[in-house]
Amino acid sequence: MNKHGAMNRKKRFAGVGIPLEDPKRAIKPPTKVPYKRIATEEAWITPEIMQGYRELIAKKAGDAGFLSLWGVFIRRGGILIDRLLDMGENRIRDMDATGIDVQLLLLTAPGVQVFDAARARSLAASSNDQLAEAIRKYPKRFAGLAAIAPQSPKTAAKELERGMNKLGLKGAVINSHTKGQYLDDPKFWDIFEAAESLNAPIYIHPQTPSPDMIKPFVKRGLDTAIMGFGVEVALHTLAIITSGALDRFPKLKIVIGHGGEGLPYWLYRIDYMQEFNRQAFMPKLKMLPSDYMKRNVYITTSGLPWAPAITMAQSVLGMDRVLYAMDYPYQYRVEEVAMTDKFPISAANKKKLFQKNAERVFSL
Ligand code: 1DF
Ligand code: MN
């Protein structure tokens, strides 16, 4: 490994994909560490939603991004979908094999957001019931975020309240755009109002870019997690910040993954250009974009167990704003847990990264 943490290609990418799929590939036991590893962006799906995805793919319905992403997963087959569906023994065994104490479970992308509103509302509610049931079975190993259908903002706000108060869920996941629409639109702000008053963090998880943005990505195969996901959520987060929503809802907590989807790296320039390139229609904000990032936004390490990026984000946002995540089963790698265990930060800060920040932000 060189000083930037880069390994040679063969070593770094050995077994990329799902190690679960190769029974001969022994998983080294994880190291014992003086903190709990709480992984905060771990994916699952219900059988009903999986069936809904299969129907959409069969009919070639859904947007270009959905067809691209789920078309591949369904055609490829293999163990990925089994693992997304498994809320019992196999999942727990995979957690044990990589030293993960707790998974915070998020309905995988694009959740219910590809369906029509009525179906989305009922699939969200039934998925929250099923999630609560799994957590009741494994209360020490699982926690979860409620799925909501932004298609119906008032119902979504109520479902979030039910999830928090009746089901013991810890916030909401929104898989970025909903049929091309973003949460900076005030028509969605019933959701923000409920989230703020319930102290429910909203995890804006990626999906493929919205239909207006996706074309140049799709034809190059760059629309999914290689780049499209990050661009999509960076846009979404910055749209919320520049809309003035966080002046209206100053206590709202937003969580984004993948090291903050590039935003921490760009903050200086975003602050500068937010003044210099301001369009007349943009509201005047009370603070700089970076101030909202440091007040309202938390980031996770999902998919990015890489010290240069994460220590950079910690240095601009602060040690209290960065949380560990694995992104099971999409990026299930014991080597990456070890890479994160070895970050060049103090023992106290490591405990914040893996455990304390998640306990505080998600009230675990
Ligand atoms: C992928 C990556 C898919 C992530 C995901 O959910 C996901 C992928 C559908 O690699 O296709 O959550 N991820 O967060 O990086
Ligand atoms: Mn993910």
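As a convention, each chain's residues are numbered from 1 in the sequence order in which they are written. Lettering for chains starts from A, numbering for ligands starts from 1, and both go in the order in which the items are written. Note on the predicted model: pLDDT of at least 70 is required for a residue's local features to be given, and 80 or more for side-chain atom pairs to be given and counted; whole-chain, interface and lining totals, by contrast, use all residues. In computing side-chain values, all of the structure's heavy atoms are included and hydrogens and water are not.

Enquirer: Account for the coordination of the manganese ion (ligand 2), with residues named and values stated.
Expert: Coordination partners: N, O, S within 2.8 Å of the metal, 3.2 Å for Na, K and Ca; water not considered, so apparent gaps in a site are possible. Those protein atoms acting as donors to the manganese ion (ligand 2) are Glu41 (OE), His205 (NE2) and Asp327 (OD), and they sit at 1.9 to 2.3 Å. For the manganese ion (ligand 2), the single-chain donor residues occur in sequence as E-x163-H-x121-D. Of the two residues, Glu41 sits in strand β1 (residues 38-44) while His205 sits in the loop between β6 (202-204) and α9 (211-218), which places them 164 residues apart along the sequence. A single burial state applies to Glu41 and to His205, both of which are buried. Runs of H or I in DSSP of at least four residues are treated as helices and runs of E of at least two as strands, each being numbered from the N terminus. Relative accessibility decides the category of a residue: with a 1.4 Å probe and only protein chains considered, values under 20% of the type maximum give buried, values over 50% give exposed, and everything between is partly exposed.

Enquirer: Quick one: what's the story with the site of ligand 1, residue by residue and with numbers?
Expert: Throughout this document, a residue counts as near a molecule or strand when at least one of its heavy atoms sits within 4 Å of that molecule or strand. Around ligand 1 sit Glu41, Leu69, Phe73, Thr108, Ala109, His205, Ala225, Phe229, His258, Asp327 and Tyr330, and that is every residue in its neighbourhood. One of the side-chain nitrogen or oxygen atoms of His258 is found 2.9 Å away from an oxygen atom of ligand 1. All accessible-area figures derive from a Shrake-Rupley calculation using a 1.4 Å probe, and residue coverage is judged against the displayed protein chains alone. The fraction of the free accessible surface of ligand 1 (360 Å²) that becomes covered by protein chains is 87%. Looking at the shell around ligand 1 residue by residue, the class counts come to 6 nonpolar, 3 polar and 2 charged. Here a polar contact is taken to be a pair of N or O atoms separated by no more than 3.5 Å, where protein atoms must pair a possible hydrogen donor with a possible acceptor and residues adjacent in sequence count only if both atoms sit in side chains. Three classes are used: nonpolar for Ala, Val, Leu, Ile, Met, Phe, Trp, Tyr, Cys and Pro, charged for Asp, Glu, Lys and Arg, and polar for all others, with Gly counted as polar.

Enquirer: Hey, could you go over empty space enclosed by the protein for me, with residue numbers and the actual values?
Expert: Residues are called lining when one of their atoms sits within 4 Å of a cavity or pocket point, these points coming from a 1 Å grid over the protein atoms alone, where a cavity is a set in which a 1.4 Å probe fits but cannot get out and a pocket is an open set with protein on both sides within 12 Å along at least five of seven lines. Grid points are joined across faces, edges and corners, and a volume is the space filled by probe spheres set on the points. Applying the stated rule across the entire model yields 3 cavities of 30 Å³ or more. The space that makes up the largest cavity amounts to roughly 50 Å³. Surrounding the largest cavity, Thr301, Gly303, Leu304, Pro305, Tyr324, Ala325, Met326, Arg333, Glu336, Val337 and Thr340 form its lining. Classifying every residue of the lining of the largest cavity gives 6 nonpolar, 3 polar and 2 charged. Quantified by volume, the second largest cavity comes out at close to 40 Å³. Together, Glu41, Glu42, Ala43, Leu106, Leu107, Thr108, Ala109, His205, Asp327 and Tyr330 line the second largest cavity. Of all the secondary structure elements, the ones that give two or more residues to the lining of the second largest cavity are β1 and β2 (102-107). Element by element, the count of residues in the lining of the second largest cavity is highest for β1, at 3 residues. Partitioning the lining of the second largest cavity into residue classes produces 5 nonpolar, 2 polar and 3 charged.

Coordinates in, geometry out; function isn't part of it.
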